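What follows is the residue order along each chain.
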Amino acid sequence: MRRRHRWRDGGGTLRLSASDTDDEPAPSVPWEIGLEIAASYRARTRGLLGRDGLTGALLLTPATSVHTVRMRFAIDVAYLDRRLRVLAVRTMPPGRLGRPRLRARHVLEAEAGAMERWGVRRGVRVEIEARSAVN
C-alpha cells in the first residue's frame, strides 16, 4: 500500500512528467519552476490574496476548488488528482468562483499564461519536491 504524503507549508520545486493520456510526451522544461506549498488552513485561505503577481507556482493542498475574489491579477489553475495528474486547466480572471472538481485533491496556481508555457495540460503528471524547513 502506498503511503500518503503529508504536505507542509513551505517551498519546493515543480517538474513535469510524461502524459498518461497522450501519445506525445510532456515538453521538456529547461528550468525548475519555483513552488510555494500552502497546506495549512491559514496558508490556503490567504493564497494569492494581497499579491500583485507570482513568480513560479502555488500548490494548495488539500483543495478541490479556488476563487479569484479580491485578487489583482488573472491566474491559471490546474486541478490535480491524488497522483498529481492534471485533471483540468483553466484561466480565471479576478472576481470569479471556480466550481469544485470531484476527483481533485490539489490545486496548482500560477500567473495567467504560465501553464501553457510550461506545458501543463490535461493528463500530464507533475512532480513536486518539497524543501525541508530549516529551524
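Notes on the structure follow. (Residues numbered from 1 in each chain as written. Predicted model: local features only at pLDDT ≥ 70, side-chain atom pairs only at ≥ 80, totals over all residues. Heavy atoms only, no water.)

### Some points on the pairing of strand β6 (residues 106–111)
Taken residue by residue, a regular strand's side chains alternate between the two faces of the sheet. Most of β6 is tucked away, with five of its six residues classed as buried. Both strand β3 (residues 57–60) and β6 contribute to a ladder of three bridges, which runs antiparallel. Looking at the pairing, Leu 58 lines up with Glu 109 of β6. When strand β4 (residues 75–80) meets β6, the two strands line up antiparallel, connected through six bridges. By the bridge assignment for β6, Asp 76 is matched with Ala 110. (Buried < 20%, exposed > 50% of the residue type's maximum accessible area, 1.4 Å probe, protein only. Helix = DSSP H or I, 4+ residues; strand = E, 2+ residues; numbered from the N terminus. Pairing = 2+ DSSP bridges.)

### A word on the pattern of salt bridges
The tally for this structure, following the rule as stated, stands at five salt bridges. The salt bridge partner of Glu 129 is Arg 15, with a shortest N-O separation of 3.0 Å. Here Glu 129, found in strand β7 (residues 124–130), pairs with Arg 15, found in strand β1 (residues 10–19); they are 114 residues apart in sequence, far enough to count as distant. We classify Glu 129 as partly exposed; its relative accessible area is 43%. Taking the shortest distance from any N to any O, the salt bridge between Glu 36 and Arg 51 comes out at 2.8 Å. You can see Glu 36 sitting in strand β2 (residues 33–38) and its partner Arg 51 sitting in the loop between α1 (41–46) and β3, a full 15 residues away along the chain. For Glu 36, a relative accessible area of 30% gives the class partly exposed. (Salt bridge = Lys/Arg side-chain N within 4 Å of Asp/Glu carboxyl O.)

Remember, this is a structural readout, not a statement about activity or role.
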